[in-house]
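# Descriptive structure summary
Here is what each chain is made of, one letter per residue.
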Amino acid sequence: MSINTLKSIKTKTALFPMPVLIIATYGEDEKVNAMNMAWGGIYDDDKVVLNLSPGHKTAKNIDARKAFTLSVADLPNLKAADYVGIASGNKVDDKFQRSGLSAVKSENVDAPVIVDFPITLECELVETYREPETVHYIGKIVNTLVAEKILGEDGKVEPTKINAILYDTFQHGYYAVGERVGNAFSDGKELAK
């Protein structure tokens, strides 16, 4: 391949895959709020970053409660995950109820745990960086919850059982995670010789 075979598509958020992540918070009225997050992810070994517009209900809730949970959306809950990204918590008072999802109070942070999703990170807010259009929230992961159905006989998470969905920034599609195709930190070793 040469540079002549590449085509410029101008400046565009063009990363694939992107996980579909759901942020859950409590409002001042103790109501559960959930939001589909496109911009954010792992920040450090024990931290995540959320990049949100400051007007989001979720941003206001994180500012007030200093905590949130972050879940991996899965195929069985695709419609609910998409809905909490479409509806605004500032405009739809019963947004979470309409999603059909269920939540319980976290035992570790002041935030709800959506029990329908296979993986949930319980996070406490440790840093906030504000820009005019975006707030960057850094959360420390204090606990990770996983559904028993995604564990193998050895007690480890089996990624193919998660049924995680991915977001496509090119055409705004969702894709299911497929089969394992290689071994990290191993398959490239022969090239290091």
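Structure first, text after, so check above.
Residues numbered from 1 in each chain as written. Predicted model: local features only at pLDDT ≥ 70, side-chain atom pairs only at ≥ 80, totals over all residues. Heavy atoms only, no water.

## Side note on the pattern of salt bridges
On inspection of all chains with the given rule, the structure shows 10 salt bridges. The salt bridge partner of K140 is D46, with a shortest N-O separation of 2.7 Å. Of the two residues, K140 sits in strand β10 (residues 135–146) while D46 sits in the loop between β4 (40–44) and β5 (47–52), which places them 94 residues apart along the sequence. Overall, D46 belongs to the partly exposed group, its relative accessible area being 26%. Its salt-bridge partner being K161, residue E158 comes within 3.9 Å of it at the nearest N-O pair. Classification of E158 as partly exposed rests on a relative accessible area of 29%. Here the salt bridges do not stand alone but share partners, grouping E30, R65, K105 and D110 into one network. (Salt bridge = Lys/Arg side-chain N within 4 Å of Asp/Glu carboxyl O. Helix = DSSP H or I, 4+ residues; strand = E, 2+ residues; numbered from the N terminus. Buried < 20%, exposed > 50% of the residue type's maximum accessible area, 1.4 Å probe, protein only.)

## Observations regarding the side chain of K95
Position of K95 relative to the elements: it lies in helix α3 (residues 95–99). In terms of polar contacts, K95 uses its side chain to reach the backbone carbonyl oxygen of A34, at 2.8 Å. At 3.0 Å, the side chain of K95 and the backbone oxygen of V84 are in polar contact. When neighbours within four sequence positions are excluded, K95 is seen to be in contact with N33, A34, M35, Y83, V84, A87, S88 and G89. (Polar contact = N/O pair within 3.5 Å; in protein donor to acceptor, adjacent residues only side chain to side chain. Contact = heavy atoms within 4.5 Å.)

## Some remarks on the side chain of H136
By the secondary structure assignment, H136 is in strand β10. At 2.5 Å, the side chain of H136 and the side chain of N51 are in polar contact. In terms of polar contacts, H136 uses its side chain to reach the side chain of E131, at 2.6 Å. Beyond its immediate stretch of four places on either side in the chain, H136 contacts V49, L50, N51, E127, T128, Y129 and E131.

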